[in-house]
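# Coordinate analysis (summary)
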Amino acid sequence: QNARLHWSEEQWRLHRWAYCRLTERVDRQIGRVLDALQETGLAENTLVILTSDHGDMDAAHRLEHKTVFYEEAARVPLIIRAPGQKSPGRVDDHLVSNGLDLFPTICDYAGVKPPPGLQGLSLRALIEGELPARWRENLFVESQIGYMVTDGRYKYCAYDPDKGTLRDSFVDLERDPGEMLNLVGEGFTRKQVREFQQVMASWQRQNGIESPMPELNS
């Protein structure tokens, strides 16, 4: 918020320049690892996973951090190269959580049975271009400002009461990919918003979270 209100154009440019230089540094180190796999003959027998712990706003919406639920921050980088991959370069649009799904995925490729009770799903079928037997219909995200649920097209966010006067938002990512229009107050989305609230409330109960949903205006 401080950056949004007070940073000059020069400060934004310097911030983005530094971020790009850091990205270049990481890219060089990844290249060293991939070159080593190629030189040692292990490239075709190695599962390579590139991921992170979060996205970053990188000046989108005049923000530069990671705690908000805009797509730039909520979407986490995840690239996987697997031995015998049938369709390299393919982008999959299933709802994936790298924090939950990587552990069962690695266990799957290693031939190890994952511990019981994990919420994550193995990505192996998706990586190999197959349709999984089952998959999640909604994906949940939480941060220090509240909670988010999405079904891939629509996204509902419920913010903690002490984080500002705006309690929730509802966006159509297909028609509004820039997330510029909050549809919570629109009558034609009232039923959808209520359904998303119920889905989120159910997930919160299952995980022992006490955070009542914002009231919808009549």
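Reading the values: rules and limits
Residues numbered from 1 in each chain as written. Predicted model: local features only at pLDDT ≥ 70, side-chain atom pairs only at ≥ 80, totals over all residues. Heavy atoms only, no water. Helix = DSSP H or I, 4+ residues; strand = E, 2+ residues; numbered from the N terminus. Expected span 1.5 Å × (residues − 1). Buried < 20%, exposed > 50% of the residue type's maximum accessible area, 1.4 Å probe, protein only. Arc of directions from axis to C-beta. Contact = heavy atoms within 4.5 Å. Pairing = 2+ DSSP bridges. Phe/Tyr/Trp six-rings, centres within 6.5 Å; stacked < 30°, edge-to-face > 60°. Lys NZ or Arg CZ within 6 Å of the ring centre and 35° of its normal.

## Description of helix α6 (residues 190–206)
- The first and last C-alpha atoms of α6 sit 25 Å apart over 17 residues, in line with the 24 Å expected at 1.5 Å per residue.
- Listed as buried for α6 are Val193, Phe196, Gln197, Met200, Ala201, Trp203 and Gln204. Viewed along the axis of α6, the buried residues span an arc of 160°, placing them on a single side of the element. Pointing more than 90 degrees away from the buried face of α6 are the exposed residues Lys191, Arg205 and Gln206.
- Taken together, the buried residues of α6 touch β3 (139–143), β4 (146–150), β5 (154–159) and β6 (168–172).
- The first or second residue beyond α6 is Gly208, which carries a positive phi of 65°.

## Considering the pairing of β3
- Relative to β4, β3 runs antiparallel, the two sharing five bridges. From the neighbouring strand, Val141 faces β4, where its bridge partner is Met148.
- Linking two consecutive strands that pair antiparallel, namely β3 and β4, is a turn of two residues.

## A closer look at the packing of aromatic side chains
- As enumerated under the stated definition, the model contains six aromatic pairs in all.
- With a centroid separation of 5.5 Å and 5° between ring planes, the pair formed by Tyr154 and Phe170 is classed as stacked. With Tyr154 in strand β5 and Phe170 in strand β6, this pair connects stretches of sequence that are 16 residues apart.
- Overall, the relative accessible area of 0% leaves Phe170 in the buried class.
- Put simply, the rings of Phe140, Tyr147 and Trp203 touch in pairs and so form one group of aromatic residues.
- A cation over an aromatic ring shows up here: Arg124 above the ring of Tyr109, its NZ or CZ 4.4 Å from the ring centre.

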